[in-house]
Amino acid sequence: GAVVSQHPSWVICKSGTSVKIECRSLDFQATTMFWYRQFPKQSLMLMATSNEGSKATYEQGVEKDKFLINHASLTLSTLTVTSAHPEDSSFYICSARVYYGKGLKETQYFGPGTRLLVL
Amino acid sequence: AQKITQTQPGMFVQEKEAVTLDCTYDTSDPSYGLFWYKQPSSGEMIFLIYQGSYDQQNATEGRYSLNFQKARKSANLVISASQLGDSAMYFCAMRVLITGANSKLTFGKGITLSVRP
């Protein structure tokens, strides 16, 4: 099945530094990728939709300048948390939309996630 | 706007028994897709099953089946023959199927399932 990878899986950084998270579709092309954030015991919160070759669409309340998204190719999207602060500590997950089977069933496959801890 | 409701508290099931996880949804769009995902403690989101609003039959994938009741707007997940590895958080999600648009997956709050040996 479709595989989405994320790197790194764990990041610990000092406050004020920037962190880049990569999301790759390994065996398929993903024109659209999504970035989510999840706090412990809570549901996923969509941050932005990333389209290859164009600007990302951010959800209300998500700072564009804080969370920079680049989708430069059909297999790679990156999320950069700029000037990270402790409140940015969270679990970040990317996903890609995939169509499969007869009748074009669809789903979103998710990466394994990246745990960010800002000290 | 779309809404997914998962209100069950933590669920417990005995190994090898079946369990039903509830999900209700709300949308005014006639064309939509319903999804269930499993999230174990490792954090990865694992796709389990998909049901389209126009699908005539309930979706099944191995031990997973979706009890789709369109009139009631419910999409309950049934796990048969529970295994210890089924212990995880389960999320129900929905997406309105708009051609050419990037409509979003809307997630429920999730249900924690614990399988007892």
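Worth saying up front: this structure is predicted, and the values here are computed from it rather than measured.

> Could you give me a rundown of the pattern of salt bridges, with the residues and numbers involved?
Residues and elements named next belong to chain B. Under the defined criterion, the tally for this structure stands at 5 salt bridges over all chains. When the shortest N-O distance is used, the salt bridge between Asp 26 and Lys 73 registers 3.3 Å. With Asp 26 in strand 4 (residues 24-26) and Lys 73 in the loop between strand 8 (64-69) and strand 9 (74-79), this pair connects stretches of sequence that are 47 residues apart. On the basis of relative accessible area, Asp 26 is assigned to the partly exposed category, the value being 41%. In this structure Lys 73 comes out as partly exposed when scored by relative accessible area, which is 28%. With a shortest N-O distance of 2.8 Å, Asp 86 and Arg 63 are connected by a salt bridge. One end of the pair, Asp 86, is in the loop between strand 9 and strand 10 (88-96); the other, Arg 63, is in the loop between strand 7 (60-61) and strand 8, and 23 residues separate them in sequence. We classify Arg 63 as partly exposed; its relative accessible area is 22%.

> Explain a nonpolar patch on the surface to me, and be specific about the residues and the numbers.
Residue and element names in this part refer to chain A. A surface patch of nonpolar side chains, about 470 Å² in accessible area, is lined by Trp 10, Ile 12, Leu 117 and Leu 119. Tracing the chain through its elements places Trp 10 in strand 2 (residues 10-13). Given the relative accessible area of 58%, Trp 10 is considered exposed.

> Can you lay out unusual backbone geometry for me, pointing to particular residues and giving the numbers?
Residue A:His7 is joined to A:Pro8 through a cis peptide bond whose omega torsion reads 0°. In the Ramachandran plot, A:Ser83 falls in the positive-phi region, its phi being about 45° despite a non-glycine side chain. By secondary structure assignment, the location of A:Ser83 is in the loop between strand 8 (76-81) and strand 9 (90-100). Non-glycine residue B:Lys16 carries a positive phi angle of around 80°. Under the relative-accessibility criterion, B:Lys16 is labelled exposed at 69%.

> Describe the pairing of strand 3 (residues 19-25) of chain A, and please don't skip the residues or the numbers.
Residue and element names in this part refer to chain A. Only one face of strand 3 is covered, namely the face carrying Val 19, Ile 21, Cys 23 and Ser 25; the face carrying Lys 20, Glu 22 and Arg 24 is uncovered. Two elements, strand 1 (residues 4-7) and strand 3, share 4 bridges in a ladder whose sense is antiparallel. Across the sheet, Val 4 pairs through a bridge with Ser 25, a residue of strand 3. Here strand 3 pairs with strand 8 via 6 bridges, running antiparallel. The residue bridging Cys 23 from the neighbouring strand is Ser 77, located in strand 8.

Procedures and definitions
Residues numbered from 1 in each chain as written. Chains lettered and ligands numbered in written order. Predicted model: local features only at pLDDT ≥ 70, side-chain atom pairs only at ≥ 80, totals over all residues. Heavy atoms only, no water. Salt bridge = Lys/Arg side-chain N within 4 Å of Asp/Glu carboxyl O. Helix = DSSP H or I, 4+ residues; strand = E, 2+ residues; numbered from the N terminus. Buried < 20%, exposed > 50% of the residue type's maximum accessible area, 1.4 Å probe, protein only. Patch = residues over 30% accessible without salt bridge, like charges linked within 9 Å, V, L, I, M, F, W, Y side chains within 5 Å. Areas by Shrake-Rupley, 256 points an atom, 1.4 Å probe, with all protein chains shown as cover. Pairing = 2+ DSSP bridges.

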